[in-house]
Amino acid sequence: MNRAILGWALGSAVVVLAGPQPSSAQESTTTQLEEVIVTAQRRAQSLEDVPISVAVMGGDYIDRYAINSLGEVSSKMPNVNIAQNPGADFVNIRGVGSGNNLGFEQSVATFVDGNYRSRSRASRFAFFDVERIEILRGPQTTFFGNNAIAGALNITTRRPDSSKGINVSGLYSPSDGEYSANVGATFPLTDTLSIRAAAQLSGMDGYIDNNLLDEDGPDLDSKMGRISAVWKPNEILEFFGRVDVGKSRDKGVYDSDLVDCPPSSPPFALAGACARHLAAGGEAGFDYETVTGPSHFDMDLVDTVLHTTINLQNHSIKLLTGYSDIEWENNNNVMPTLNASQVGTVSGLPTRSHEDMRFFSQEIRLESTSKGRFDYMLGAYYSDTDLDDVAQTGFYFNDWIRILSPVAPVFTTLQPGDPIGNYTTNSQDDETLSGFGALTVHITDLTRMNLGLRYSKVKKEVSRNHQIGRSLSNERESDFTPATPAEQAVLNRTFGYTAGDFPDPKRSDDKWLPSISFEHDLTEDVMGYVSYSKGFKAGGYTIGTSADSFDPETVDAYEMGVKSTFFDRRVRFNIAAFYSEYTDLQETTFSVGASGIPVSITGNAAESTSKGVELESAFQVSEELQLTLDVALLSSEYDKHPRGVCPLFLQATTPQCVADLSGKDRAYSPDYSGNFGIAYTRPITDTLELRVNSDLFFTAEYFTQANADPLSQQDSFAKWDLRLAVGSADRRWELAVIGKNLTDEETFQFWSPLPSSLGAGQVNPERPRSVALQFTMNFLNQ
């Protein structure tokens, strides 16, 4: 990390140019820290009473910093890394997550009001009118399902209550054209029925100059609407329902910077697309400039949830019904180079994916409500997912028929100069059936034992069709004409692709998942715990150009920690140590085939261990000043991975090599990360306040590919965010200036090799320094 930057930011914090840590649900206005309520165990509890490592980001904090994406969450939270990329979004906790394949279930599961969002991209609509976000670290299988093997994002939206109110906010950043407009209103219609309506318009002009298209990217445009209602007709029944409708129409979303062109060191040599790019007068480097062809990401989402609670004398019955319909289309140009196409088309390696997913789930739980020696919960869960995916790729950066005809004289319908591409369809149906239970035994007034058990059975059935032929563009099926079987066989061998359906299109995986923890109240304000849990993620099938399958992934996770408050709740100090052993990891990384095209390699990657320590602390110095510090130390390495994909420098000298990655770091696993902040509020007059908030987030370096390739390494950095606001003391209105990444760190979310040019690569840059103006108003009628 740059010491000058860190020293400057810390020095600024000393003079109170800093801000609150997300673990504070809202700012305190007394000399005590606010109690943070979470639902990490599917019931409302104080953060200090939950034997789990949990980080909380309150809705006020999200609104204050105008956080609109999962990626921004990871720039606030240690041991959390979230990256968007063309294949799928990566969500990693403690150095563990799912790789770049649409067939993977997410190792870090996302739940919105308890409803599972199985596709990582759907989480892009999750940051809207939110009450809080809980980040649960480690396996969460008893209460949240069989796939949450690395952790869970538990998102709770704002619910209507008995108070009438309207909130309005607007934001604009002249530095990159970011904008957002939000409105929400709660209306109690009767003493038993209240509704809330909310809407958001948001977007951005972009911060990357696309010199080929003469426009900036990413050019974002999203719309979101929500209706929710709470109806409590009597003391027995209570209903909560919510309907979300979202739409995004984003352009230039994968504008990428070309790096290491020409390659920086032997054994790499200038070749392929990189050589053509430089010969055409192009430049390369991490400079927020690109010549990437057109790209877009369109998504439509409908998400509904219904909670039904039946309160009995000593029990409650809770039913959760969820339904989602998500459709998206993604067009990406994988070669950000000039003179990329060799067959007269626009781009060198354009890709298109279109996915339609429908998801239904039903859960029922019986919970004890009376206070006694035993607290218990029993439940059952069912879900069904239908997934249809279409993928097209154009291989336009070479004239393949001219190259292959002399060595494979089988081409009759395809002629030199023809644009070659593929057309692949995948359909998948998933069924999950689970039974689960939890029991808390109050051994003494100070000691508790928590037992959990879940049995899950996951069935999957798939079908696949893959063809190669003449492809005039990758925009429509009608532009594609399949080649003859003999021609397709040669092209598939050339590109490293698999024809035909899956050898075994049906699979069924099941697992018993036990957990146990002990809690002991050391004092009235100090609780210690130890825990063990078994995690499981079902096997499945790749979605793409190979007919590969992969087996289930499992984990044995151990954790011990202390939750504590001191000095009349002015100091919070929580610490957790963890050790998790993963077996048969499901991973994807890139290899470069003989054709120069990056080939996605998907499978199970032997064993790894994730271990470390997490510290969360807060100090309410006075009514005006709060200090916070979160720090995480992490080691996430492969214990046994003798047949890993080689880093590119080995592929350059040893074609088809196999690397022993045992002892190497996993992707997105920095040795340390943390966030330091101060919140300061000072009265200006009797009715006016000054509010200063900021965060300093810092992290060590980490790899962004699952083969420890040094070319994919993101260096250490420190990012400083600052918010200065003036508003009324009663919080009715506020004007603010928000600065993000004021240290102007150049960081990237994802690195991938440049096709046909070993040693050269491309990165998706994260947002540089930005400054925005924000206005909020709240109209309340108590």
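Residues numbered from 1 in each chain as written. Predicted model: local features only at pLDDT ≥ 70, side-chain atom pairs only at ≥ 80, totals over all residues. Heavy atoms only, no water.

Colleague: Can you break down the overall build of the chain residue by residue, with the values?
Modeller: For the chain, the count of helices and strands is seven helices and 47 strands. Relative to the 2.2 N^0.38 estimate, which gives 28 Å for 782 residues, the radius of gyration of the chain is 26 Å and therefore close to what a compact globule would have. When the backbone C-alpha atoms are referred to their principal axes, the chain occupies close to 80 × 55 × 50 Å. Looking at the chain as a whole, 59% of its 782 residues qualify as buried. For the chain, the proportion of contacts with a sequence separation of at least 24, taken over those separated by at least 6, is 71%. Accessible surface for the chain amounts to roughly 29,800 Å². Of this, 56% is attributable to carbon and sulfur atoms. Side chains of the chain carry 63 positive and 102 negative charges; the gap between the two charge centres is 3 Å. (Helix = DSSP H or I, 4+ residues; strand = E, 2+ residues; numbered from the N terminus. Rg over C-alpha atoms; globule rule 2.2 N^0.38 Å. Buried < 20%, exposed > 50% of the residue type's maximum accessible area, 1.4 Å probe, protein only. Contact = heavy atoms within 4.5 Å. Areas by Shrake-Rupley, 256 points an atom, 1.4 Å probe, with all protein chains shown as cover. Lys, Arg positive; Asp, Glu negative; His and termini not counted. Charge placed at Lys NZ, Arg CZ, Asp CG, Glu CD.)

Colleague: Explain the confidence of the model for the chain residue by residue, including any values.
Modeller: For the chain, the average pLDDT comes to 88, and 93% of its residues sit at 70 or higher. Taken together, the stretch residues 1-29 has pLDDT below 50 and engages in 93 contacts with residues farther than four places along the chain or on a different chain. (pLDDT = per-residue confidence, 0-100.)

Colleague: Can you break down the environment of Gly285 residue by residue, with the values?
Modeller: For Gly285, the location among the structural elements is in the loop between α4 (272-279) and β19 (289-290). Residue classification places Gly285 among the partly exposed residues on the basis of a relative accessible area of 22%. Note: C-alpha distance between Gly285 and Pro262 (23 residues apart in sequence) is 9.8 Å.

Colleague: Which residues make up α4, and what values go with them?
Modeller: Owing to its 3.6 residues per turn, the α-helix brings residues three or four apart onto one side. Taken together, the buried positions of α4 are occupied by Ala273, Cys274, Arg276 and His277. Taken down its axis, α4 places every buried residue within 165° of arc, on the same side. Of the residues flanking the end of α4, it is Gly281, one or two places downstream, whose phi is positive at about 90°. (Arc of directions from axis to C-beta.)

Colleague: How would you sum up unusual backbone geometry? Please name residues and give values.
Modeller: Apart from glycine, the bulk of residues carry a negative phi angle, and the bulk of peptide bonds sit in the trans form. Pro218 follows Gly217 through a cis peptide bond whose omega is -5°. Put simply, Cys261 and Pro262 share a cis peptide bond, and its omega is 5°. Position of Pro262 among the secondary structure elements: in the loop between β18 (257-259) and α4. With a phi angle near 50°, Asp129 is a residue other than glycine that sits in the positive phi range. Following the sequence through the fold, Asp129 ends up in the loop between β8 (115-117) and β9 (130-137). Its identity is not glycine, yet Arg569 carries a phi of approximately 65°, on the positive side.

Colleague: Account for the state of the cysteines, with residues named and values stated.
Modeller: All told, the structure shown has two disulfides when counted by the stated rule. One disulfide in the model links Cys261 with Cys274; its S-S distance is 2.0 Å. Disulfide Cys261 to Cys274: torsion about the S-S bond roughly 115°, handedness right-handed. Taken as a pair, Cys261 in the loop between β18 and α4 and Cys274 in helix α4 lie far apart in primary sequence, 13 residues in all. Accessibility classification places Cys261 together with Cys274 in one group, the buried group. Two residues, Cys646 and Cys657, share a disulfide whose sulfurs are 2.0 Å apart. With Cys646 in the loop between β37 (644-645) and α7 (648-653) and Cys657 in the loop between α7 and β38 (658-659), the pair connects residues that are 11 residues apart, well separated along the chain. The two residues Cys646 and Cys657 agree in class, both being buried. Among the cysteines of the chain that take part in disulfides, numbered as they appear in the sequence, the pairing is 1-2, 3-4. (Disulfide = S-S within 2.5 Å.)

Colleague: If you had to explain the nonpolar core to someone new, which residues and values would you point to?
Modeller: Counting 40 residues, the largest nonpolar core has Met57, Ile67, Ile133 and Ile135 as the members making the most contacts within it. The dominant element in this core, judged by the number of residues it contributes, is β9, at three residues. The residues contacting Ile133, other than those within four sequence positions of it, are Ala55, Val56, Met57, Ile62, Phe127, Asn154 and Ile155. Listed in part, the 36 residues of the second largest apolar core include Val36, Val56, Met224 and Ile543. (Core = buried A, V, L, I, M, F, W, Y, C linked by side-chain atoms within 4.5 Å.)

Colleague: Explain the side chain of Gln488 to me, using residue names and the numbers behind them.
Modeller: On the secondary structure map, Gln488 appears in helix α6 (residues 485-495). On the basis of relative accessibility, which here comes to 11%, the residue Gln488 falls in the buried class. Within polar-contact distance, the side chain of Gln488 engages the backbone nitrogen of Ile468 at 3.0 Å. (Polar contact = N/O pair within 3.5 Å; in protein donor to acceptor, adjacent residues only side chain to side chain.)

Colleague: Tell me about the pairing of strand β11 (residues 164-172), and please be specific about residues and values.
Modeller: Strand direction decides the pairing type here: β11 and strand β12 (residues 179-188), joined by eight bridges, are antiparallel. For Gly170, the partnering residue across the bridge sits in β12 and is Ala181. (Pairing = 2+ DSSP bridges.)

Colleague: Now, about the sheet that holds strand β7 (residues 108-112): what can you tell me, with residues and values included?
Modeller: Read from one edge to the other, the open sheet built from five strands follows the order β3-β9-β10-β7-β8, with strand pairing classed as mixed. In this open sheet, the two edge strands, each paired with only one partner strand, are β3 (54-58) and β8. The sheet shows a mean angle of 20° between the axes of neighbouring strands, taken without regard to direction. Relative to strand β10 (residues 151-157), β7 is paired through five bridges, and the arrangement is parallel. Within β10, the residue paired with Thr110 across the bridge is Leu153. (Axes fitted to C-alpha atoms, helices over the stretch in contact; angles between N-to-C directions.)

Colleague: How would you explain the sheet that holds strand β15 (residues 215-217) if you had to name every residue and give the values?
Modeller: In space, the three strands of this open sheet follow the order β15-β14-β19, with mixed pairing throughout. The open sheet is flanked by β15 and β19, the only strands paired with a single partner. In this sheet, β19 lies alongside strand β14 (residues 208-210) in parallel orientation, the contact comprising two bridges. Residue pairing across strands places Asp209 opposite Glu289, the latter belonging to β19.

Colleague: Explain α6 to me, and be specific about the residues and the numbers.
Modeller: Here α6 has its buried residues at Glu487, Gln488, Val490, Leu491, Asn492, Thr494 and Phe495. Gly496, located one to two residues past α6, shows a positive phi value of around 75°.

Colleague: Summarise a nonpolar patch on the surface; cite the residues concerned and give the values.
Modeller: On the surface, a nonpolar cluster with roughly 470 Å² of combined accessible area is contributed by Ile166, Val168, Val183, Phe187, Leu189 and Phe779. For Val183, the position within the fold is in strand β12. (Patch = residues over 30% accessible without salt bridge, like charges linked within 9 Å, V, L, I, M, F, W, Y side chains within 5 Å. Salt bridge = Lys/Arg side-chain N within 4 Å of Asp/Glu carboxyl O.)

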